[in-house]
Amino acid sequence: MAGIENIFDVAGRSMSAQLVRLNTIASNLANAGNISGTEEEAYRAMKPIFQTTYAENVKQSGISTTEVAGITTTERLPERVFMPEHPLADDQGFVFSAAVNVEEEYIEMLEAKRQYANNVEVVTTLRALMMRTINMGK
Amino acid sequence: MKGISDYLNLHATALTVRAKRNKVLASNIANAATPNFKARDIDFQALINKAEGNGPMRATDARHFKVSIEASAEKMKYRTPVNPSRDGNTVEMNVEQMEFSENVIRYQTTLTFLNNKISGLTSAIKGE
C-alpha cells in the first residue's frame, strides 16, 4: 500500500478504521439476543484492535494515522438462560444467549460516529485552505 | 529578486509551519481511539524564532548558516493530557479541536497577509 503522505491519507485511513469499528458494532447489535444450544456456539461480541501507523518520515513530518490490526472477540461469557420450551434447550432446559452488551455497543457507536465526523471535518477544512492557497496572489 | 523573496519570507515560513502543524493535529485527531497513542504538537513560536534567527542560535553574520526548519524532530513535543485516559491515549478531542481551529484561522491570516503583500507588489510593478 502507498505510504502516508498527506492529510487525505491520514483522515482516509482513520475513517476506514472507524468504519470497521461501526461494522463490528452493527454485527454485534444484529446478533444481540441470539440463542444457541451450547456455550461454544453462542455469539460473542467482536471488537477491532486499533494501532497507530506512522509515515516513513514521521521524525520530520509528525504524520501518523490509525489502522485496524485485527479483530478479537470479547471475553464476556454467553448468558445461560432457563428456557425449557426452547427447541435448542439442553437436557436441563438451558440455552445460551449472545454475549453482547447492547448499551456498551450503543456508546461505542456514538464514539465511532463522532470520531468519523471529526475526520470529515478536518478534511473539509483543510481542503478549503488548500483551495485558498492555490489562489494565492490572485 | 532577492528583495521580493525577503519581503515575503516571514509569512512564507509561517505558512509552511502552520501547514505542517495542521498535519500533526490531523494525525492526533485521526488517532483519537488508538490505545497508547501519544498526541504530539509543534512549538510554532520556537520554530519561527529559529527560522528567523532570533532563537538561541542566532545568525549574526552573513556567512552563518541558516538553520533549517525541516530538521525538527526534537521540536515535536508530546502533549500533557488534562484528563489522562486509562488506555494510555493522550488525545483529548476538545484540546485538539481548539488547537486545530486556532491553527486554521492563523493559517488563513497568514495567507491574507501574503495576498495583501503580493497585490501591493503587483500594483507597484504595474505602476497603476
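Higher on the page you've got the structure.
Okay, so let's go over this structure. In this numbering scheme, every chain counts its residues from 1 along its sequence in written order. Chain letters and ligand numbers both follow the written order, the letters beginning at A and the numbers at 1. Note on the predicted model: pLDDT of at least 70 is required for a residue's local features to be given, and 80 or more for side-chain atom pairs to be given and counted; whole-chain, interface and lining totals, by contrast, use all residues. The side-chain quantities take in all heavy atoms of the structure and omit both hydrogens and water.

Helix and strand content of chain B: three helices and two strands. Counting from the amino terminus, helix and strand elements in chain B follow one another as α-β-α-β-α. Buried residues in chain B amount to 41% of all 128 residues. Excluding contacts between residues fewer than 6 apart, the proportion of contacts in chain B whose partners are at least 24 apart in sequence is 76%. Where accessible areas are quoted, they stem from the Shrake-Rupley method and a 1.4 Å probe; at the residue level, only the protein chains shown are allowed to cover. Accessible surface for chain B amounts to roughly 7500 Å². Of this, 57% is attributable to carbon and sulfur atoms. The helix and strand labels rest on DSSP assignments: H or I over at least four residues marks a helix, E over at least two residues marks a strand, and numbering proceeds from the N terminus. Working definition: with a 1.4 Å probe on protein chains only, accessible area under 20% of the residue-type maximum means buried, over 50% means exposed, and in between means partly exposed. In this description, contact between two residues means that some pair of their heavy atoms is separated by no more than 4.5 Å.

Attention now goes to helix H2 (residues 44-52) of chain B. Residues and elements named next belong to chain B. For H2, every residue scored as buried is listed here: Phe44, Leu47, Ile48 and Ala51. All buried residues of H2 fall inside an arc of 95° around its axis, so they share one side. Elements that come into contact with the buried residues of H2 comprise helix H1 (2-30) and strand E1 (40-42). Directions from the helix axis toward the C-beta atoms define the arc.

Moving on, we come to the packing of aromatic side chains. Residue and element names in this part refer to chain B. Each aromatic pair joins two rings of Phe, Tyr and Trp (for Trp, the six-membered one) with centres within 6.5 Å, and gets the label stacked for planes under 30 degrees apart, edge-to-face for over 60, and tilted for any other angle. Applying the stated rule across the entire model yields one aromatic pair over all chains. Either the NZ atom of lysine or the CZ atom of arginine qualifies as a charge over a ring when it sits within 6 Å of the ring centre and within 35 degrees of the ring normal. The ring of Phe44 has Arg18 sitting right over it, with the charged end atom 3.5 Å from the ring centre. Cation over ring: Lys117 sits above Tyr7, and NZ or CZ is 4.4 Å from the ring centre.

Right, let's talk about the interface of chain A and chain B for a bit. Chain A puts 32 residues into the contact, and the matching count from chain B is 30 residues. Note on definitions: buried area is the accessible-area loss of two parts on being combined, 1.4 Å probe, summed for both. Buried area between chain A and chain B, both sides added, is near 2400 Å², and the carbon and sulfur share of it is 63%. Whenever a carboxyl oxygen of Asp or Glu lies within 4 Å of a side-chain nitrogen of Lys or Arg, that contact is scored as a salt bridge. Our count for the chain A to chain B interface comes out at zero salt bridges. A 3.5 Å cut-off defines polar contacts: any pair of N or O atoms within that distance qualifies, except that in protein one atom must be a possible hydrogen donor and the other a possible acceptor, and neighbouring residues in sequence count only when both atoms are side-chain atoms. At the boundary of chain A and chain B, one finds eight residue pairs in polar contact (both at pLDDT 80 or more). Within the residue set of the side of chain A that touches chain B, elements represented by two or more residues are helix H1 (7-31), strand E2 (46-54), helix H2 (58-61), strand E3 (64-73) and helix H3 (102-134) of chain A. If one sorts the elements of the side of chain A that touches chain B by residue count, H3(A) sits on top with nine residues. Considered class by class, the residues forming the side of chain A that touches chain B number 10 nonpolar, 17 polar and five charged. Note that Gly is not counted as nonpolar here; it falls among the polar residues with everything else outside the nonpolar set of Ala, Val, Leu, Ile, Met, Phe, Trp, Tyr, Cys and Pro and the charged set of Asp, Glu, Lys and Arg.

A few words now on unusual backbone geometry. Residues and elements named next belong to chain B. The backbone of Asn36 shows a phi angle near 65°, a positive value even though the residue is not glycine. By secondary structure assignment, the location of Asn36 is in the loop between H1 and E1. The class for Asn36 is exposed, based on a relative accessible area of 55%.

The distinction between a cavity and a pocket rests on a 1 Å grid over the protein atoms alone: a 1.4 Å probe fits inside a cavity but cannot get out, while a pocket stays open yet meets protein on both sides within 12 Å along at least five of seven lines, and a residue with an atom within 4 Å of a point counts as lining. Grid points are joined across faces, edges and corners, and a volume is the space filled by probe spheres set on the points. Roughly 380 Å³ of volume is contained in the largest pocket. Tallied by class, the residues present in the lining of the largest pocket amount to eight nonpolar, four polar and six charged. Considering the residues around the second largest pocket, the lining is formed by 17 residues, among which Thr16(B), Ala19(B), Lys20(B), Asn22(B) and Lys23(B) are closest to the centre. Among the secondary structure elements, those contributing two or more residues to the lining of the second largest pocket are H2 and H3 of chain A together with H1 of chain B. The leading source of residues in the lining of the second largest pocket is H1(B), at five residues. For the lining of the second largest pocket, a count of residues per class yields eight nonpolar, five polar and four charged.

All right, on to the environment of Gly70(A) then. All names here are of chain A. Summarising the element assignment, Gly70 is placed in strand E3. Residues Gly70 and Ile49, spaced 21 residues apart in sequence, show a C-alpha to C-alpha distance of 5.4 Å. Beyond its immediate sequence surroundings of up to four residues, Gly70 is in contact with Lys47, Pro48 and Ile49.

Once that is clear, we can look at the pattern of salt bridges. Using the criterion set out here, one finds 13 salt bridges over all chains in the structure. Put simply, Arg21(A) and Glu108(A) hold a salt bridge, and the shortest N to O gap is 3.2 Å. With Arg21(A) in helix H1 and Glu108(A) in helix H3, this pair connects stretches of sequence that are 87 residues apart. For Arg21(A), a relative accessible area of 5% gives the class buried. Arg21(B) serves as the salt-bridge partner of Asp41(B), at 2.8 Å between the closest nitrogen and oxygen.

Don't take any of this as a statement about function, it's just geometry.
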